[in-house]
Structure formats: structure tokens, C-alpha cells
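Here are the chains, one letter per residue:
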Amino acid sequence: MAVEIKGKRLVFTREQIADKVSALAQQISQDYQGKNPILIGVLKGAFMFLADLTRHISIPFKIDFVRVASYGAKDYSTGEIKLTKDVELPLKGEHVLIVEDIVDIGYTLRFLLDHIAAKGPKSLKLCALINKLERRKVEIPIDYVGFTLDKGFLVGYGLDFNEMFRCLPEIYELIF
Ligand code: PRP
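None of the values given here were measured: they were computed from a predicted structure.

S.K.: Lay out the side chain of Asn-131 with the relevant residues and their values.
M.R.: Mapped onto the elements of the fold, Asn-131 is located in strand 6 (residues 123-132). What makes Asn-131 buried here is its relative accessible area of 10%. Engagement of the side chain of Asn-131 in a polar contact is seen with the side chain of Arg-136, the distance being 2.7 Å. Setting aside its immediate chain neighbours within four residues, Asn-131 contacts Val-103, Arg-136, Ile-142, Val-145, Phe-147, Thr-148 and Leu-149.

In C-alpha cells, the structure reads:
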């Protein structure tokens, strides 16, 4: 059944996002001084956040990507997650930072943290632009958080609804 979108409400402006991204990059640059970390972007949603974040990081680092798919409608998520693209760099003994656009229910990150931990990194941390709390089913330790909010279907700045709205430079809440 098609879902009707009644409108969208601005939640975070370009300026708010840019300020947060540069503050996160500064903290990451400080914490990972001398560690040459590997940043892993989670496709597709994190592409814009990762691109902006990495342009503000002032220390040497490498970039890789993973892609995961979750099965079943998100609202009734079964927690069944499948890896559709793995990282390509070896992670054993490396300092790894996962970069994610949003942690919502939490199943995606629980899967990814376990998956990456099994590769034997020296350290493993998580950076998420948005920590959305209301639907969380599993506890996820987030080391670097941009914005925390309770609820709302968010789009823009990488986040989509049926593959739409990803390229908006601001973040909006869809009104259904
Ligand atoms: C979204 C988002 C996170 C994940 C969070 O990705 O980008 O990766 O869901 O989900 P959870 O905390 O509720 O498990 P999605 O699976 O929609 O794919 P996409 O990044 O390609 O849009």
C-alpha cells in the first residue's frame, strides 16, 4: 500500500549539521592522534556524513565501506540483517571507527559491531550522526554522537524514504 507523505518539517539545518560534523571531526582527530585509524562508512545512508566528516579530520586515516540490508519492513523489523558488501581492507590490529548516519532500532549496528569485532581490530568505536531512541531494541554503545532525539521518520543528508530525499542538504522529519 502506498504511503502518503503529507509534508516535511525541518529538523536540522545545514549550519547545525556543519557545526556538529566539524566538532565531531575535531574530537576524532584528537582522540586518534598517531593511530592511523580506518573509518568504515555504512552504505548507503552514511555517504554524505562520511564525506563531510572526513574532510574535517586532520590526522592520517583510511576509508572503507560496508553495506548491510535488513529484511522485513523496518517498523516490524525481525532483526534479520545480511551483509551485502564487506570491508576490503584488513582490519586485524587496526583502530577501527564505524561511521553511521543513524542508530534507530539498533539491530544493524549490533550486527556490524559483532561482524567487525570478529576481524580482530585493536580498537573498535562507533560514530553516529543521529541517535534516535524511541524504537531502540538493543543497547548500542555510541562513542561519538551528533544529535540525539526521540522519534520521527528522518530524511535528508543521506537518509532516505524509499530511496528518495537522500540528497537534501538538511535533515527533515516526514509527516505522514
Ligand atoms: C538505515 C540507516 C542505518 C540503519 C539503522 O539504513 O542508514 O544503517 O538503517 O537501522 P537500525 O538501527 O534500525 O537497525 P537502511 O537499512 O535503511 O539502508 P540505507 O543506509 O541504504 O538507507
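S.K.: Lay out the site of the ligand in plain terms, naming residues and giving numbers.
M.R.: Close to the ligand lie 17 residues; Glu-100, Asp-101, Ile-105, Gly-106 and Thr-108 are nearest. Glu-100 has a polar side-chain atom sitting 2.6 Å from an oxygen atom of the ligand. A distance of 3.1 Å is found between an oxygen atom of the ligand and a side-chain nitrogen or oxygen belonging to Asp-160. Relative to its unbound accessible area of 500 Å², the ligand is 88% covered by the protein chains. Mapped onto the shell around the ligand, the elements with two or more residues apiece are strand 3 (62-70), strand 5 (95-103) and helix 3 (107-117). It is strand 5 that contributes the most residues to the shell around the ligand, four residues altogether. Looking at the shell around the ligand, its residues break down into five nonpolar, four polar and eight charged.

S.K.: Could you give an account of the environment of Thr-54, with specific residues and numbers?
M.R.: With respect to the element layout, Thr-54 can be found in helix 2 (residues 47-56). Through-space distance from the C-alpha of Thr-54 to that of Leu-39 is 8.7 Å; in sequence the pair is 15 residues apart. In this structure Thr-54 touches Leu-39, Phe-61 and Ile-63, once residues within four positions along its chain are discounted. For Thr-54, the side chain forms a polar contact with the main-chain oxygen of Ala-51, separated by 3.1 Å.

Basis of the calculations
- Residues numbered from 1 in each chain as written.
- Predicted model: local features only at pLDDT ≥ 70, side-chain atom pairs only at ≥ 80, totals over all residues.
- Heavy atoms only, no water.
- Helix = DSSP H or I, 4+ residues; strand = E, 2+ residues; numbered from the N terminus.
- Buried < 20%, exposed > 50% of the residue type's maximum accessible area, 1.4 Å probe, protein only.
- Polar contact = N/O pair within 3.5 Å; in protein donor to acceptor, adjacent residues only side chain to side chain.
- Contact = heavy atoms within 4.5 Å.
- Near = heavy atom within 4 Å.
- Areas by Shrake-Rupley, 256 points an atom, 1.4 Å probe, with all protein chains shown as cover.
- Nonpolar A, V, L, I, M, F, W, Y, C, P; charged D, E, K, R; others polar.

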